[in-house]
Amino acid sequence: MTPADATPTPAQLRLVVRLNRGINLLAGRGDLITTVRWKPEPDDPPAWFTPATGEVTLNGPVALDGAKPSEINPLTPEGRLRHPVIIGLLCHEAGHAAHTQWDSHFGDGIDVIPTRAAVLLEEIRIEHRQLRRRPGDRLYLRAASRRVILPGADAPSAAATRWRAGQAALLTSGRVDAGVLTTGEVRKVAAVCRTTLGRKDFDRLRRVWRKALTVPDGDVDGLMKLATRWADIIGVEDPADAPAPPCGHGVLPDSTEEPTASDQESGRDEQDAASTPDADEDTGADELEKALAEAFQGAMVLVAASGEQEAAAELGHDEDSVPDDGERRRAQDAAEQEAAETEAERVFHGNRRSGASDPRGELRPPTAIERELARRTGKALRRAKFRERGKIVVDSAVPPGRLRGREAMLGAAQRSMGTPITAKPFRRVIRKDTPEPPLTVGIAVDISGSMDWATEMLASLAWIVAHAAAEVDGMTATVAFGERVTAITAPGVPPAAVQEFDAPDGYHEFVPAMRALDGALQLTAGQGARLVFVVSDGHYGPAIERQAAEVVERFARHGVHVVWLDLASEHDTTIVPPGAIPIRVANIGEIPHQVEDVLVRALRVA
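Procedures and definitions
- Residues numbered from 1 in each chain as written.
- Predicted model: local features only at pLDDT ≥ 70, side-chain atom pairs only at ≥ 80, totals over all residues.
- Heavy atoms only, no water.
- Helix = DSSP H or I, 4+ residues; strand = E, 2+ residues; numbered from the N terminus.
- Buried < 20%, exposed > 50% of the residue type's maximum accessible area, 1.4 Å probe, protein only.
- Contact = heavy atoms within 4.5 Å.
- Areas by Shrake-Rupley, 256 points an atom, 1.4 Å probe, with all protein chains shown as cover.
- pLDDT = per-residue confidence, 0-100.
- Axes fitted to C-alpha atoms, helices over the stretch in contact; angles between N-to-C directions.
- Parallel < 35°, antiparallel > 145°, perpendicular 65-115°, else oblique.
- Left-handed = near helix turned anticlockwise from the far one by under 90°.
- Nonpolar A, V, L, I, M, F, W, Y, C, P; charged D, E, K, R; others polar.
- Pairing = 2+ DSSP bridges.

## Focus on the overall build of the protein
Logical step 1: Check the secondary structure of the protein and you find 19 helices and 14 strands.
Logical step 2: Burial status across the protein gives 49% buried among its 606 residues.
Logical step 3: Put simply, 76% of the contacts in the protein that link residues at least 6 apart link residues at least 24 apart.
Logical step 4: Per element, the accessible surface of the protein, about 29400 Å² overall, is 51% carbon and sulfur.

## Looking at the confidence of the model for the protein
Logical step 1: A residue-level look at the protein finds 80% of positions with pLDDT of 70 or above and a mean pLDDT of 79.
Logical step 2: Note that pLDDT drops below 50 for residues 318-323; the model gives that stretch three contacts with residues more than four away or on any other chain.
Logical step 3: Counting interchain partners and residues more than four positions distant, the pLDDT-below-50 stretch residues 386-390 has 17 contacts.

## Looking at the packing of helix α5 (residues 112-133) against helix α10 (residues 220-234)
Logical step 1: For the pair α5 and α10, the least separation of the axes is 8 Å and the interaxial angle reads 110 degrees. It follows from the interaxial angle that α5 and α10 lie roughly perpendicular. In this structure, α5 meets α10 at a crossing whose hand is right-handed. When α5 is examined against α10, the residues Ile113, Pro114, Thr115, Ala117, Ala118, Leu121 and Glu122 are found in contact with a partner set consisting of Leu223, Met224, Leu226, Ala227, Thr228, Trp230 and Ala231.
Logical step 2: Of the residues in the contact of α5 with α10, the class split is 11 nonpolar, two polar and one charged.

## Some details on the sheet that holds strand β3 (residues 55-59)
Logical step 1: Strand order in the open sheet made by the three strands is β1-β3-β2, with mixed pairing throughout. Edge positions in the sheet fall to β1 (33-37) and β2 (47-50), since each has one partner strand and no second. Adjacent strand axes in the sheet meet at a mean angle of 20 degrees, parallel and antiparallel pairs treated alike.
Logical step 2: Bridge count between β1 and β3: five bridges; the pairing is parallel. Bridging from a neighbouring strand, threonine 34 pairs with valine 56 of β3.
Logical step 3: The strands touched by helix α4 (residues 84-99) within the sheet are β2 and β3, with β2 carrying the most contacts at an inclination of about 20 degrees.

See the structure below:
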């Protein structure tokens, strides 16, 4: 509490107690404290986290969004949906509390501008991490978007405008990559940012923030390297042109505080003495600043309204009218199956879109090594498919069969006494063949640009797996996915030659690829052993990674094993969705040994 808040009301005290419990639940910690400034300072941001003390501070009037303290309860689902703005602020600060692992010396000995850039990059990194722990928090983060502040410099300049455009791009397009916003919601502000920064620099900044999303918690050095690169791309040299972000209120050390008024005035005098800005340049900067502010504010209002509407819709659903989990799941599965069949029809039987690039390169005969590997992998499949003959033991009162002495004596005694005969002295074993489970294998090959170095191995793996499955009468189909999904082999048609690939694409249509295989092979609706081999590095961006995890979870729920062939080079890592079975492949000669165990497990449970 601030001195002016020395006598909070009972309702305010109760809310603070609830907020303390709520923030610890959201952050997965038990040592955080929440304070509320009921009479904040004019420059206080909506909320901030101080790592050194484990304290989350809320700007009371902003966080309550017009509600009374007695009306807010963050500890129940209904209470959270009724007041999504304050919950969104808590979710964001909980992300900091869980994932911003900076010590009290952060920023010491580092230039001011890269330090401020690091704080900005941390904003989207922790939201991405929070959503990976708690996907349901997305609604609240969106509802609180109206409270996101885009500060401007005191004296607009070309450098200050570039910094502000970079910050706006990060807080909009960067949050798209973090999984909070959608591309359509930020299209206008992204266009203004590209105009201000230039398309080349905008794309360079995007690569930096996407890399920042992958930085592990506590890797301050890694984040600072990216922040330094960020500042270099923006090209800001004067701290006055790069105002400290409000989100750094509890993080930035005193050494990086804003310059005092006298310092700023002195700096302006020196600049004025050196050169006098052109009036047209000032006008252009002012126009860009205005366009940027309007586009940013419009996007945040749109997103916040969408989040609040979503919360209201969920709150308004009457429990009696909401179908139970089983009905909802069946409806979702039916809709997904329909989408899969539609995608399969388009990919395997539709016309290719004009102007679309074709990832298929040359066709070549398989090498002797590839034939041998396919044969060995097929043998592994055959061993997995083999079922021992079943045995049924039958007891009988008459031959044939093995005579059991005890039962024969019981039968003789029953006959001498004139009682009904129940003894069955003969036992025989009837052996019965157990049908082998049908095998269905889908193969999805990533032909995005990040897989360009592995195209030869992609081609070999696709042919080896397809032929191995065909050798044991399995049904197979192969697709390649990048900016679109391309059919490589149709269902039930094993490839006669090895299809080489080009990997020019910059996007990953992973979900449509899996749907096409599902619809063509009836994976989730079929029986027997069903597998999908994915050959990819898994670097899809946060939004598609989340969708990939949902697809893998649905396949696993329906008994489909997703086998992820990890071809990671020594300079990169592979991201494998939860639920997929990773197999590290450093050399294709290892394939038969590495896949046998997982194939045996898949087939034995079929």
